[in-house]
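Chain by chain, the residues:
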Amino acid sequence: MSKFYITTPIYYPSGKYHIGTAYCEVLTNMLKKYHELKGEESYMLTGADEHGQKIQTKAIEANETPKEYVDKMADMAKNLWKQMEIDYNQFIRTTDDFHVAAVQKIFEKFLAQGDIYKGTYEGWYCEPCESYFTETQLVDGKCPDCGREVRKMQEEAYFFNMKKYADKLLEYYDSHPDFVKPDYRKTEMINNFIKPGLEDLCVTRTSFDWGVQVPSDPKHVVYVWLDALTNYITAVGYGSDDKEEMFNKWWPADMHVVGKDIARFHLIYWPIFLMALDLPLPKTVYVHNWITMKDGKMSKSKGNVIYPEQLIEKYGLDATKYCLIKIVPSNSDGLFTPEQFVENYNSDLCNDLGNLLNRTVAMVNKYFGGELDEYQGLENEVDIALEDAVNAAIEKFEKDIADCEFSNSLQDIWELVHLTNKYIDDTAPWTLAKDVEGETEQDKAKRIENLKSVMYHLVATLRSIAILIRPLMERTSDEILRQLGLDSSTITWDSLQEYKELKNIKVVEKGEPIFLRLDANEEIEYIKNLMKK
Ligand code: MSP
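Residue positions within a chain follow its written sequence, with the count starting from 1. Only residues with pLDDT of 70 or above have their local features reported here, since the model is predicted, and side-chain atom pairs are shown and tallied only from 80 upward, although totals for entire chains, interfaces and linings are computed over all residues. With hydrogens and water excluded, all non-hydrogen atoms of the structure serve as input to the side-chain values.

A.B. asks: Provide a residue-level description of the overall build of the protein chain, including the pertinent values.
C.D. replies: Think of it this way: any DSSP run of H or I at least four residues long counts as a helix, any run of E at least two long counts as a strand, and we number them from the N terminus. Secondary structure summary: the protein chain contains 19 helices and 16 strands in total. Each of the three principal axes of the protein chain carries a C-alpha extent, and together these read 100 × 50 × 40 Å. Within the span of the protein chain, comprising 533 residues, buried residues form 57% of the whole. Across the protein chain, contacts joining residues at least 24 apart in sequence account for 78% of those joining residues at least 6 apart. Accessible surface is estimated by sampling points in the Shrake-Rupley manner with a 1.4 Å probe; for residues, cover comes only from the protein chains shown. If you sum the accessible surface of the protein chain, you get close to 22700 Å²; carbon and sulfur atoms cover 48% of it. Exposure classes here rest on a 1.4 Å probe applied to the protein chains alone. A residue is buried below 20% of its type maximum, exposed above 50%, and partly exposed in between. Any pair of residues with heavy atoms lying within 4.5 Å of one another is described as a contacting pair.

A.B. asks: Please provide a residue-by-residue account of helix α6 (residues 184-194), values included.
C.D. replies: Taken together, the buried positions of α6 are Arg-185, Lys-186, Met-189, Ile-190, Phe-193 and Ile-194. Along α6, the residues classed as buried sweep out an arc of 140° about the axis, all on the same side. Close packing links the buried residues of α6 with α5 (166-175), β7 (180-181), α10 (263-276) and β12 (284-288). Think of the arc as the fan of directions from the helix axis to the C-beta atoms.

A.B. asks: Run through the side chain of Ser-477, naming residues and quoting values.
C.D. replies: Following the sequence through the fold, Ser-477 ends up in helix α18 (residues 474-483). Of the polar contacts made by the side chain of Ser-477, one reaches the backbone oxygen of Ala-466; its length is 2.8 Å. The contact partners of Ser-477, leaving out residues within four places of it in the chain, are Ala-466, Ile-469 and Arg-470. Two N or O atoms form a polar contact when they lie within 3.5 Å of each other; inside protein one atom must be a possible hydrogen donor and the other a possible acceptor, and for residues adjacent in sequence the pair counts only when both atoms belong to side chains.

A.B. asks: Account for the site of the ligand, with residues named and values stated.
C.D. replies: Note on terminology: near, applied to a residue and a molecule or strand, indicates that one of the residue's heavy atoms is within 4 Å of it. The immediate surroundings of the ligand are formed by 22 residues, with Ile-10, Asp-49, Gly-259, Asp-261 and Ile-291 found nearest. Here Ile-10 contributes a backbone N or O atom positioned 2.8 Å from a nitrogen atom of the ligand. One nitrogen or oxygen atom from the side chain of Asp-49 is found 2.7 Å from a nitrogen atom belonging to the ligand. Here the ligand loses 92% of its free accessible area of 670 Å² to cover by the protein chains. Contributions of two or more residues to the shell around the ligand are made by β1 (3-11), α7 (224-229), α8 (231-234) and β11 (255-259). By the convention adopted, Pro, Cys, Tyr, Trp, Phe, Met, Ile, Leu, Val and Ala count as nonpolar, Lys, Arg, Asp and Glu as charged, and the other residues, Gly among them, as polar. For the shell around the ligand, the residue count by class is 13 nonpolar, 7 polar and 2 charged.

A.B. asks: Can you explain the sheet that holds strand β8 (residues 201-202)? Please cite residues and give values.
C.D. replies: Strand order in this open sheet of 4 strands is β5-β4-β6-β8, and the pairing throughout is antiparallel. One side of each edge strand has no neighbouring strand; the edge strands of this open sheet are β5 (131-133) and β8. As defined by bridge partners, strand β4 (residues 116-126) adjoins strand β6 (residues 151-160) across 10 bridges and the pair is classed as antiparallel. In the sheet register, Gly-123 faces β6, and the bridge partner there is Met-153. Think of it this way: DSSP has to see at least two bridges between two strands before they count as a pair.

A.B. asks: Hey, could you go over the pattern of salt bridges for me, with residue numbers and the actual values?
C.D. replies: Here, a salt bridge means any side-chain nitrogen of Lys or Arg that lies within 4 Å of a carboxyl oxygen of Asp or Glu. Under the defined criterion, the tally for this structure stands at 44 salt bridges. One salt bridge in this structure joins Lys-181 and Asp-178, with 4.0 Å as the shortest N-O distance. Classification of Lys-181 as buried rests on a relative accessible area of 18%. The exposure class assigned to Asp-178 is partly exposed, which follows from its relative accessible area of 46%. Across the pair Lys-396 and Glu-415 runs a salt bridge, and its minimum N-O distance is 2.7 Å.

A.B. asks: Describe the packing of aromatic side chains, naming the residues involved and giving the relevant values.
C.D. replies: Here a Phe, Tyr or Trp ring, Trp counted by its six-membered ring, pairs with any other such ring whose centre lies within 6.5 Å, and the pair is stacked when the planes are under 30 degrees apart, edge-to-face when over 60, and tilted otherwise. All told, the structure shown has 34 aromatic pairs when counted by the stated rule. Where Phe-247 meets Trp-251, the ring centres are 6.3 Å apart and the plane angle is 10°; that geometry is what we call stacked. Across this residue pair, the class does not change: Phe-247 and Trp-251 are buried. Among the aromatic side chains, those forming a connected cluster through ring pairs are Tyr-5, Tyr-43, Tyr-232, Tyr-238, Phe-247, Trp-250, Trp-251 and Trp-270. Should the NZ of a Lys or the CZ of an Arg lie within 6 Å of a ring centre and within 35 degrees of the ring normal, that charge is described as sitting over the ring. Here Lys-16 stacks its cationic end above the ring of Tyr-307, 4.4 Å away from the centre of that ring. The ring centre of Phe-98 lies 5.1 Å from the NZ or CZ of Lys-243, which sits over that ring.

A.B. asks: Run through the pairing of β1, naming residues and quoting values.
C.D. replies: Within β1, 9 of the 9 residues are buried, which leaves it mostly tucked inside the rest of the structure. Pairing of β1 with strand β2 (residues 41-48) involves 7 bridges; the strand directions are parallel. Opposite Tyr-5, over in β2, you have Tyr-43 as the bridge partner. A right-handed crossover is one whose linking path, passing over the helix from the first strand to the second, runs clockwise when the strands point away from the viewer. What joins β1 to β2 is helix α1 (residues 19-37), and the crossover it makes is right-handed. Judged from the 2 bridges that link them, β1 and β11 form a sheet pairing that is parallel. Residue pairing in the sheet places Ile-6 in a bridge with Met-255 of β11.

A.B. asks: Just give me the short version of helix α19 (residues 520-532), but keep the residues and values in it.
C.D. replies: With 13 residues, α19 extends 19 Å between its outermost C-alpha atoms, agreeing within 8% with the 18 Å of an ideal straight helix rising 1.5 Å per residue. The complete set of buried residues in α19 reads Glu-523, Ile-524, Ile-527, Leu-530 and Met-531. One side of α19 carries all its buried residues, which in axial view fall inside an arc of 115°. Pointing more than 90 degrees away from the buried face of α19 are the exposed residues Asn-521, Glu-522 and Lys-532. Tucked inside the fold, the buried residues of α19 contact α11 (308-315) and α13 (338-368). A distance of 3.3 Å separates the backbone nitrogen of Asn-521 from a side-chain oxygen at the start of α19, and that oxygen is part of Asp-519. Between the first and last residue of a helix there are one fewer steps than residues, each counted as 1.5 Å, and that sum is the expected span.

A.B. asks: Could you give an account of the environment of Trp-270, naming the residues involved and the relevant values?
C.D. replies: Checked against the element boundaries, Trp-270 lands in helix α10. Along the primary structure Trp-270 and Arg-93 are separated by 177 residues, whereas in three dimensions their C-alpha atoms are 18 Å apart. Apart from the residues lying within four places of it in its own chain, the contact partners of Trp-270 are Leu-229, Thr-230, Tyr-232, Ile-233, Trp-251, His-256, Phe-265 and Pro-282.

What follows is the structure, encoded as structure tokens:
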């Protein structure tokens, strides 16, 4: 059985998670479920990045110890992921004992083999990003990652000799075209960071103590990125004596999903750390774009933040997940607007998909008392065209997932939804159902067979749609299958091939709408008000 190990970034527990953070989690879980449906053994890792100055400051502000603070935040994160039905396999915290011990071992190993050396650091430090920058990296004198103020700092520190690995990294990029997706992120790394000369990375701090202590020099704590990035290996057993088998099973990861702001850490420092550990590199690092608002980044001070639970409470889990994945293209940021959210809901979910199911269930009931025996093999042009459209949609969907074109992969499904709605208009079942004056018994039988074939194709195509949306919208998928009278517990990706094998179909007597139409103006106002809270 092949395996699929996928990770999210470990999030800073610095506040409530907004829809941007949730995006990453939803996307990763969608991919995990997709691979699971394909019969692969999957493992999804998520967690919290709990050390560092910023967290220490947050705890002081909250009048708590850092540990109390991060415990509370980890519970908050786990509750949110539970509410969002994210079925991760492990939630790692960088304060976990096994992780701390492994980071200490890794640090001492690097020190012993000469990859880490002691020096003095002077540079421009961005506190929120916990990153130092050189003068040339600053943008208008501010942090190139977040645009905030930086200040000059100097301290005794340990450094990782990145330069030593620069050529090896470039060679790796060259010989592993799937390592970075999308490709343009690789070009950015080469042009912005590697070609101008890779700076050695400062890997310890003495200015605060909320972190993993360096065993051989206890006044230093390991700087967050070495601590954070290694979570991907310590979680699956690296550095724990009794977990070698687990580690060999899961590592290398198949995919790290990361946002564009942390691309540099995952595409340069992380592979270099792994090279220094003599470990294989992850197969793919997928760098996604951001969800942005009309006035730029989401931020509390701008009053434009949306939290996932606010959307879920009002519009449901699946609609929220659908809209998040749909709005972020692979080549630019995705704009969240209340107008677009309501439009996606009403048009894609309620009209296109919801009505297709409703019409189908109603017609099967009306024309055949809710029952269809089996595929008739009646090969007329429209039916063949629909079967071809189903196969084309599956093929396109799989290609888009493989190419990390996730928003497009939803469009592939909705193209099929549109074509299926059009198939109803083209075949006009209400006409096929009508007796024709003077028709022979033979003609009548043929007409009814035709109608049955249309119904069969609608049910079978909706079933395919339910499977295609399943990795992202499991509840909706279940509900579609339930209304069609099909068993969702036996669904696998391979069952997409059973299009003509459905037998003894019995749809529910009365289909319920899966998405209720929204009053656009009212809901747009409602979402606008959420942002102001
Ligand atoms: N702790 C580090 C990651 C360490 S991974 C070894 C970190 N944490 S974070 O909480 O600041 O960000 C976590 C993730 O959320 C990042 O991938 C970031 O890109 C993502 N997002 C934050 N805001 C976002 C949007 N508005 N839209 C999409 N993703 C967003 O960085």
